[in-house]
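Chains, contacts and geometry: an overview
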Amino acid sequence: MPVVADLDRVRTAPDLFEKEECELREAFLTEVERVPGGARLRRCIQCGTCTGSCPVSYAMDLTPREVMALFRAGDIERILRSRTIWVCASCYQCTTRCPSNIKVTDILYALKRVAVDRRVFPRKFPVYVLSETFAKQVRKYGRNYEVGLLRTYFWKTSVVRMLMRTGLALALWRKGRLALRPARIKGIAGLRRMIAKAETFDRPQPTEVDQEPTSEVGYGAIG
Amino acid sequence: MDPDVHLGVYICHCGVNISHTVDMDECRQFAEQRTDVRVARDFKFMCSDPGQELIKQDIQERGINRVVVACCTPLMHELTFRRACQGADLNPFLMQIANIREQCAWVHNNRELATEKAKAIINGAIARVRLHSELEPMRAEVNPATMVVGAGIAGIQAALDVAEAGHPVYLVEREASIGGHMARFDKTFPTLDCAACILTPKMVSIGHRPNVHLKTLTEVEDVQGFVGNFTVRLRERARYVTPDCTSCGECVKVCPVQVPDTFEEKLGPKTAIHKAFAQAVPNTFRIEKQGRPPCKQACPVHQDAAGYIALIREGRFREACALVRRQNPLPFICGRVCYHPCEQDCSRGNVDEPLAIQNLKRFLMDWEAKNLPRPDPPEIKERRTQRVAIIGAGPAGLTAAHDLSLKGYPVSVYEATDVLGGMLWLGLPAYRCPRDIVMRDIHYIEQMGVEFIRGKALGRDFSLHDLFAQGFGAVFVGTGAHKGFDLDIPGEDLEGVESGIDYLRNINLGLQQRTGRRVAVIGGGNTAIDAARTARREGAEVTILYRRTLAEMPAEKEELDDARAEGIDVRWLTAPTAIIGDGSVVTAIRCVDMELGEPDASGRHRPIPKSHSERELPFDQVIKAISQQPDSDWTQRSQGNGRGTLILTRWETLEVNPDSLQTGVEGVFAGGDVVSGPATVVAAMGQGRRAAEAIDKYLCGSPLTDFTTHLPPPNPREGFEERPHENALPYSKTPRVPRTIMPQLDPRRRIHTDDEVNLGFTEEQAQREASRCLSCGVCVECLECQRVCEPKAVKHDMTDKVDEVKVGQVLIATGHQLLDSRAMQQYGYGRLDNVVSSLEFERMLNSTGPTGGEVLCKNGEKPRAIGIVHCVGSRDENHHRYCSRVCCMYALKFAHLVTERTDAQVYQFYIDMRAFGKGCEEFYSRVLREGSTIIRGKVAEVVPSQRVDHRGRNGYLLMRCEDTLVGRFREIPVDMVVLCNALEPRADSVSLAQRFSLSRSPDGFFLERHPKLDPISTMNDGVYIAGTCQGPKDIPDSVAQAQAAASRILGLIAKGEVLIDPIRATIEEKSCSGCRMCNAVCPYHAITFEREQSVSKVNQALCKGCGTCVSTCPAGAIAGAGFTDDQLEAELEAVLV
């Protein structure tokens, strides 16, 4: 049955026959391209400077370069299921060194947002829970509330592990490093306004046109 | 309807380029309906022969006399269709192109709208061409001489090709030798020919051809003219070696200066006189001079300080002594008492402390006195008859006597006292300048034949008139300033109050002189210190009173320190108001305390007395040493007697011409303290020297102008603000070395003796001190090369030459430079040892290079592994976006050579391997077979390893990257990293582009006229480009371009004349108001103002028809032929309607 075998192989390539996958990818592409500088992703020359510069690439299952390659190949699913986007420590070394001026860190952030929106996460790697909880704390109190963060994080991931760490928590509490009640900052209203304003930046931006800079002299000037 | 206009419209499909977007039929039908259009056609390729034939036929058979071709840009085919018209006997300027490809079809998608636009463009052309008139192109002859700028491989090849055809070529090169980058390479990819072996025969050939005028060390300053007739102004920097040089290399052996060699990428040293490499053409050495050392410039006698310091460093004391004597007639004296303006301007002062230049000179003269016989007086070549009288045997008079007798004049020196030396003997204490030292210098001058007449004073024993009556041709007056100033306070006439200069004179002459027990010296200058220290040696307790502070004190700091070490008390901010005496003898000084106020005219703070601070200090002798002035009584008794009058200034000094030093009396010159007031020994010597030159000119009857003797410039440090020479470290990064202190006699002992206080340097001390010299300006002018040069080819006084050359065509082949990879900090170039650039590695591989062809780490060890990084600054948005094209291949060549010559492992880090071109892919697979490791991934960073490896070696480097084919981060330990730096346009390509009116592409390289069809021409007719100045390329491509350019040049020479487009501006004289606004705006300097008719005129040969003046002219007096206002308005109207 050679024909069927062929078909099977084709099926493994995403989006050729699956309408859904194709649409999903299209939507993701537009979304990430709306990240400022996102359109430059098309220019990636796959040199690996990002991976080489990354201090945490050892902990990634996909290298940042592979994220770029998979992205262009349309395999968003694999990216969202990988740890890479959650491991990124935001040191921006990849962004400063990228020879194609791709804002790698920003793109990883955008992918995080996509992952949260679509609820697609790596298996057995609950860092996103920490991120989400942390963001909620800051929104609520204007600063981190450690006990609340720990409670929610471990409740959602592993209660057993929380119990295993009770000794440490007690020690911290005795030294006054762990406040049992949340403290709210002064002027929380102002902070919220700032966050609201910042969120407008996160809304889809007009798609940027990635153009060569017009030449100051060159043929452009002489017709 | 115009019965005389027969229009033909021809619309080109350009294959499908135009017809794909624009409806051809509709356009044709539209054209047919226009007034006066007799025929309209469309055709697949109008530029093809059948297409052109259509036009010709219509012209000949149907009487078409205006042609519109709707096609591509006129840059492509305007000439084609003009020729077609000409072929059918129609004036080519009655044809107009309507660009419906670049300006319409290629930039639109909507067929309907594009067709409308095409119709409008055609309509415009029809309206315009109606108003065209016949124009005749101008003709100009082509000068067969050609200039090639840049003598790398491209320039050399083109020059040879043009010269081979028998035409003169000017080959202009900025460096001292031709050869460019290729001369620095070892092997060339992919064939592995030795670069030198294939380049040097061509270089030699350039040197041998009589019709190649080689201009090295030369740069283009200005270009005027047009194709066939350029005038280029060239500046040739002085080489300081004439072509008589036989390249024997003797000079290199004696040159004491070593600086980093830029030809070797600073990996090795070179001497100040050098030849870049063995096969250099021209085969002439060159001296690198980047300005004169500040120490030499600051010296009034132009002493070659940096020169003898360099020789001391090398331990060549005998040569150094001879050099000191070259400019200095009083070297022993200067070594002791000169106030060394050289040290104030010494560049080393910017690092730590200035060199002890004066002490070094003293060391030399001491060494000479100890080790050499007394030097023979120099040979005097030419004897003269006119005699010169010199009044005063001080430093000014002695210098003038020395210089004049060297020139052959019989010189008589009249001295008022019985001792020679003037202030040197009378004013300077023996502990500073022993008398036998003074006599050594004077003896030398006496030996030259100078006659000394002691005990005869001008105005007392003879007059100026007497001298001229005795037959002297000229007189130099250097009588000094020997009269002390008064304090103008009560009690000055008391016994025990004397002037410092009188006190010193009496002591020095051994006359009767009382010294008190408690002596006050008033003043803060050098005379005050000398008087104080002398009084101290006479056993007195001495106090110096000075009315300002230490900072304002004019005395030398060393002198003051010595004085205080000898127990002399100094009271600053103390001024005497009266001298109090007991009857006729001094008993005390009444003083007040001062404070500093605003700065006065001399820049020093004016002292102001503090109220209620008066007090009395007990003294039994007061020495006034506030200043001196000349004793000018003699001028009353000895005037010019008909030759003019001596004029005195209000300081009693003689007024002289500042250049010639001639006084008001003709033939009488003056210098030294009698002119300048009390100054330094070396300043007086400088004036003596200038006066000697002036007297020589005067006696030869030459005008007293154009003097060549040195005057220190206002800022001797000019040009040395940042670093001593181009390739030196800046001062801030130069390692500090403390100044060598000269040993001194113990202060407790020295106050009881007249022995010299300073004991002099040992040889080791002198050499250590001399090694602190930074060799300002590279060549320090020790003149050793001049001494050893047998063919007498070294000429240190050469100057830059500016030449104008007339040529017909110019080829620019100025090449590239390497990106400075310091910009990519992650690779650590310049910070980490053993991270080298490609050119450095190339020199290291070269058998004539700094390591003799061995690949060595900085510590001299052989590297175990070498990493080669591709694309350093290329294909990188942060640096250069383009691919540098040659890096992949030379990186592979490096890999091959390293594998061949060493045991090191090679790692290549590439992004994409670009091995195109003949033999390149084969070379790639050869290198792969040889076993070098290649990793696909750009190196992210190079970091020094913190660990010690298993063999106990540390200091290796880690290269971090992603191996992208495996998808893993890797860290590879190597001993050496080679960076394949991007090729980039030369830093000065902007100014060169301006000079030749060239355009540059966005990457900065020169822009060719067309990237595919005319890659060697530029937008400026008659100026061509070849080699890497046009874009990165390898040697075969550079040579091919050079040969293509040469054939273009030869083609035009063979044709003999150029047609110049008649699209030119003309000025209607009647309307021109003579405002000259057009003169200023013309980019080609083609418009000049005729003063007589008061109108501007256009030089038709220079005008390029750009139209700037047309739009500028407020009177509308300028019209551009082929672009008249009527034509443009008609075209616009027809396009818009």
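Residues numbered from 1 in each chain as written. Chains lettered and ligands numbered in written order. Predicted model: local features only at pLDDT ≥ 70, side-chain atom pairs only at ≥ 80, totals over all residues.

**As for the interface of chain B and chain A**
- In this assembly, 26 residues from chain B lie in contact with 23 residues from chain A.
- Of all the secondary-structure elements, those providing two or more residues to the side of chain B that touches chain A are β40 (939-944) and β41 (957-963) of chain B.
- Across the side of chain B that touches chain A, the residue classes tally to nine nonpolar, eight polar and nine charged. (Contact = placed C-beta atoms within 7 Å. Helix = DSSP H or I, 4+ residues; strand = E, 2+ residues; numbered from the N terminus. Nonpolar A, V, L, I, M, F, W, Y, C, P; charged D, E, K, R; others polar.)

**Description of the packing of helix α19 (residues 526-537) of chain B against helix α20 (residues 557-565) of chain B**
All names here are of chain B.
- Running from amino to carboxyl end, α19 crosses α20 at an angle of 25°, the nearest separation of the two axes being 10 Å. The angle between the axes of α19 and α20 places the two elements in the roughly parallel class. For the crossing formed where α19 meets α20, the hand is left-handed. Here N526, I529, A532 and R533 of α19 lie close against α20, whose contacting residues are E559, L560 and A563.
- Residue classes in the contact of α19 with α20 are distributed as four nonpolar, one polar and two charged. (Axes fitted to C-alpha atoms, helices over the stretch in contact; angles between N-to-C directions. Parallel < 35°, antiparallel > 145°, perpendicular 65-115°, else oblique. Left-handed = near helix turned anticlockwise from the far one by under 90°.)

**A few points about the environment of B:A356**
Residue and element names in this part refer to chain B.
- Along the chain, the position of A356 falls in the loop between α12 (341-345) and α13 (357-371).
- With 113 residues separating them in the primary sequence, A356 and P243 have C-alpha atoms 39 Å apart.
- For A356, the contacting residues outside a window of four places in its chain are R739, T740, M742 and E769.

**Thoughts on the sheet that holds strand β11 (residues 218-226) of chain B**
All names here are of chain B.
- Here we have three strands laid out as an open sheet, ordered β11-β12-β33, and antiparallel in their pairing. Edge positions in the sheet fall to β11 and β33 (801-807), since each of these pairs with one other strand and no more. On average, adjacent strands in this sheet sit at an angle of 20° to one another, irrespective of strand direction.
- Where β11 meets strand β12 (residues 229-236), eight bridges bridge the pair, whose relative direction is antiparallel. When the sheet's bridge partners are listed, V220 is paired in β12 with L234. (Pairing = 2+ DSSP bridges.)

**Observations regarding unusual backbone geometry**
- For the bond from B:F189 to B:P190, the omega torsion is -15°, close enough to zero to count as cis.
- Omega for the bond connecting B:V281 with B:P282 falls within 30 degrees of zero, at 0°, which places this linkage in the cis form.
- Relative to the assigned elements, B:P282 resides in the loop between β15 (273-274) and β16 (286-287).
- Positive phi is not limited to glycine here, since A:S90 has a value of about 55°.
- The topology assignment puts A:S90 in the loop between α6 (84-87) and α7 (93-97).
- Classification of A:S90 by C-beta neighbours within 10 Å gives exposed; the count is 10.
- Not every positive phi belongs to a glycine, and B:L573 is a case in point at roughly 55°.
- Counting through the fold element by element, B:L573 comes out in the loop between β25 (569-571) and β26 (574-582). (Buried ≥ 20, exposed ≤ 12 C-beta atoms within 10 Å, placed from the backbone.)

**A word on helix α16 (residues 435-447) of chain B**
All names here are of chain B.
- When the terminal C-alpha atoms of α16 are compared, their 18 Å separation across 13 residues agrees well with the 18 Å that a helix rising 1.5 Å per residue should span.
- Every buried residue of α16 is accounted for by I437, V438, D441, I442, Y444 and I445. In an axial view of α16, the angular spread of the buried residues amounts to 150°, which keeps them on one side of the axis.
- On its buried face, α16 is in contact with α11 (331-337), α14 (395-406) and α15 (423-426).
- Phi turns positive, to about 105°, at G449, one or two residues after α16. (Expected span 1.5 Å × (residues − 1). Arc of directions from axis to C-beta.)

**What to know about the packing of helix α9 (residues 305-313) of chain B against helix α10 (residues 317-327) of chain B**
Residue and element names in this part refer to chain B.
- Where α9 contacts α10, the axes come no closer than 8 Å and their chain directions differ by 170°. With respect to their mutual orientation, α9 and α10 come out roughly antiparallel. Contacts from G307, Y308, L311 and I312 in α9 reach F317, E319, A320, L323 and V324 in α10.
- Looking at the contact of α9 with α10 residue by residue, the class counts come to seven nonpolar, one polar and one charged.

**Digging into helix α4 (residues 111-130) of chain B**
- Taking 1.5 Å of rise per residue, the 20 residues of α4(B) would be expected to cover 28 Å, and the 29 Å separating its terminal C-alpha atoms lies within 8% of that figure.
- Within α4(B), 15 of the 20 residues are buried, which leaves it mostly tucked inside the rest of the structure.

**Looking at the pairing of strand β1 (residues 7-12) of chain B**
Residues and elements named next belong to chain B.
- Burial analysis of β1 places six of its six residues in the buried class, which makes it a mostly covered element.
- Because side chains alternate across β1, one face comprises the buried residues L7, V9 and I11, and the other comprises G8, Y10 and C12, equally buried.
- Examined bridge by bridge, β1 and strand β3 (residues 66-71) share five bridges and lie parallel to one another. When the bridges of β3 are listed, G8 appears paired with V67.
- As paired elements, β1 and strand β2 (residues 37-43) share six bridges and run parallel to each other. Across the sheet, the residue bridging to C12 is F43, located in β2.
- Tracing the backbone out of β1, into helix α1 (residues 24-32) and back to the parallel element β2 gives a crossover that is right-handed. (Right-handed = clockwise from strand over helix to strand, strands pointing away.)

**Quick look at the nonpolar core**
All names here are of chain B.
- The biggest cluster of nonpolar side chains holds 152 residues, and the ones touching the most others in it are I309, F476 and V521.
- The element that contributes the greatest number of residues to this core is helix α23 (residues 681-700), accounting for ten residues.
- Leave out the neighbours within four places in its chain, and I309 touches L355, I357, L360, A770 and C773.
- Among the nonpolar cores identified, the runner-up in size contains 65 residues, and A159, M203, V1023 and C1029 belong to it. (Core = buried A, V, L, I, M, F, W, Y, C linked by C-beta atoms within 7 Å.)

By themselves, these observations are geometric and do not establish any function.
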